[in-house]
Amino acid sequence: ARLALERREAATDFDFAVEVSPPDGVKRRRVEWKGMAAEIVQASRLERIETRFRAPVHLLIVGERGARAEGETVVGGLRSSLRDYRRKLTFVPAGTEYRDWQLPRTLMRQTCFYLDPKKLPVEDASGLCTPRLFFENTALWDTSIKLAGLVESSERHDWLYLEAVGVVLAHELTLELVDAVQLPR
C-alpha cells in the first residue's frame, strides 16, 4: 500500500492532457504514474470534435477506433485528412503543437500516452524530436493496447506491472522513431 501511495504522489505533478471541444462530447479515463500517464478518450456522440495539445511532454496517440467524414490532423509541419485512422499511431514531440478536427462517421476511441522526456527510461531518446502522423508499428501497437487494457481494467492497478509495461512502451516507441529517422528517404 505504501508503494502504491508513493507512486500516486509522484504522479501528481503530471498535469497534461489533450484539450477536447466540446468537453462533454467525450468520456475519459486516466491513470498516472511516475513520468507517464495514459488516458482513454472516447467520443460519446457523433458531432464535430476538436482536439489540441502542446506541452513539455511527448504524446503518443493510439487510434483504436475512428473514421471521419471530414477533418484534418496537424502535428508540427505534417498534415493529413486521412478518413480511417483505426490502428494508426501519432507521435507528438514535447513542445510541438497538435491539432485535430473531425466530423466523425464512427465514435472515436483513442488512448493518449503522455511521456515526460526528462524521466524516460530509455538510453537513446534522440529520435524523439520528430513528429510522426498516422504510422503503423505492430510491436508498439500491441504494447499500447496491453497498457490501455490495464488502464481500463479496474480501479485497482498493479503499479509495478503498469510501470513495467510503460517502460516497454517507451522502448518500443524509441526504437520505432530512431529507426524512422535513420531510414533513407
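By convention here, each chain's residues receive numbers from 1 onward along its written sequence. Residues qualify for local features only when their pLDDT is at least 70, as the model is predicted, and side-chain atom pairs are given and counted only at 80 or more; totals for whole chains, interfaces and linings, by contrast, use all residues. Side-chain metrics rest on all non-hydrogen atoms present in the structure, leaving aside hydrogens and water.

Enquirer: Tell me about the overall build of the protein chain, and please be specific about residues and values.
Expert: Helix numbers and strand numbers start at the N terminus; a helix is a DSSP run of H or I with at least 4 residues, a strand a run of E with at least 2. Tallying secondary structure elements over the protein chain gives three helices and eleven strands in all. The contact criterion used throughout is that any non-hydrogen atoms of two residues lie within 4.5 Å. In the protein chain, once contacts between residues fewer than 6 apart in sequence are set aside, the share between residues at least 24 apart is 74%. Carbon together with sulfur atoms contributes 50% to the accessible area of the protein chain, which is approximately 9500 Å² in total. Note that accessible areas follow from Shrake-Rupley with a 1.4 Å probe, and for residues the cover is restricted to the protein chains shown.

Enquirer: Mind laying out the confidence of the model for the protein chain, listing which residues take part and the relevant values?
Expert: Mean pLDDT over the protein chain stands at 86; residues scoring 70 or higher make up 84%. On a range of 0 to 100, pLDDT expresses the predictor's confidence in each residue. Residue range residues 1-12 is modelled with pLDDT below 50. Its contacts to residues more than four positions away, or to other chains, number 14 contacts.

Enquirer: Which residues make up the nonpolar core, and what values go with them?
Expert: Side-chain atoms within 4.5 Å are what join buried Ala, Val, Leu, Ile, Met, Phe, Trp, Tyr and Cys residues into a set we call a nonpolar core. Accessibility here uses a 1.4 Å probe with only protein chains present; expressed as a share of the type maximum, an area under 20% marks a residue as buried, one over 50% as exposed, and anything in between as partly exposed. In this structure, W33, L60, F113, L147 and L173 are the most contacted members of the largest nonpolar core, which totals 27 residues. With seven residues, helix α3 (residues 159-182) is the largest single contributor of residues to this core. Counting residues in each nonpolar core, the second largest holds 21 residues, with V18, A37, A43 and V75 among its members.

Enquirer: Mind laying out the sheet that holds strand β1 (residues 19-21), listing which residues take part and the relevant values?
Expert: Here we have five strands laid out as an open sheet, ordered β1-β4-β9-β6-β7, and antiparallel in their pairing. This sheet does not close on itself; its edge strands, each paired only once, are β1 and β7 (78-80). With direction set aside, neighbouring strand axes in the sheet form an average angle of 10°. By definition, two strands form a pair when at least two bridges between them are found by DSSP. Taken together, the seven bridges between strand β6 (residues 68-75) and strand β9 (residues 98-104) define a ladder with antiparallel strand orientation. Paired with V75 across the two strands is Y98, which belongs to β9. Only the contacting stretch of a helix is used when fitting its axis, a line to C-alpha atoms as for every element, and angles between N-to-C directions run 0 to 180 degrees.

Enquirer: Can you explain the sheet that holds strand β8 (residues 88-92)? Please cite residues and give values.
Expert: Taken in spatial order, the six strands line up as β2-β3-β10-β5-β8-β11 in an open sheet, and their pairing is antiparallel. The two strands at the open ends of the sheet, each matched to only one other strand, are β2 (26-33) and β11 (132-135). Neighbour-to-neighbour, the strand axes of this sheet turn through a mean angle of 15°, independent of strand direction. Bridge analysis of strand β3 (residues 36-43) against strand β10 (residues 109-115) gives seven bridges, and the strand direction is antiparallel. By the bridge assignment, Q42 is partnered in β10 with R109. Packed on one face of the sheet, helix α2 (residues 138-153) meets β2, β3, β5 (58-65), β8, β10 and β11 and runs near 85° to β5.

Enquirer: Quick rundown of α2? Include the residues and the values.
Expert: Multiplying 1.5 Å by the residue count of a helix minus one yields the expected span of that helix. When the terminal C-alpha atoms of α2 are compared, their 22 Å separation across 16 residues agrees well with the 22 Å that a helix rising 1.5 Å per residue should span. Listed as buried for α2 are L140, W141, T143, S144, L147, A148, L150 and V151. Pairing of N or O atoms within 3.5 Å defines a polar contact, subject to two protein rules: one partner must be a possible hydrogen donor and the other a possible acceptor, and residues neighboring in sequence count only if both atoms are side-chain atoms. For α2, the N-terminal cap is N137; the gap from its side-chain oxygen to the backbone nitrogen of A139 is 3.1 Å.

Enquirer: Residue-level account of the packing of aromatic side chains, with values.
Expert: Ring geometry is summarised as follows: Phe, Tyr and Trp rings, the Trp one being its six-membered ring, pair when their centres sit within 6.5 Å, and such pairs are stacked at plane angles under 30 degrees, edge-to-face over 60 and tilted between the two. This model, assessed by the stated rule, comprises two aromatic pairs. Both rings, one in Y85 and one in F134, keep their centres 6.1 Å apart while their planes meet at 25°; by these two values the pair is stacked. Taken together, the residues Y85 in the loop between β7 and β8 and F134 in strand β11 connect sequence positions 49 residues apart. Accessibility expressed as a relative area gives 5% for Y85, which makes it buried. Here F134 falls in the buried class, since its relative accessible area comes to 18%. The aromatic ring of F135 is capped on one face by R132, whose charged end is 4.3 Å from the ring centroid. For a Lys NZ or an Arg CZ to count as sitting over a ring, it must be within 6 Å of the ring centre and within 35 degrees of the ring normal.

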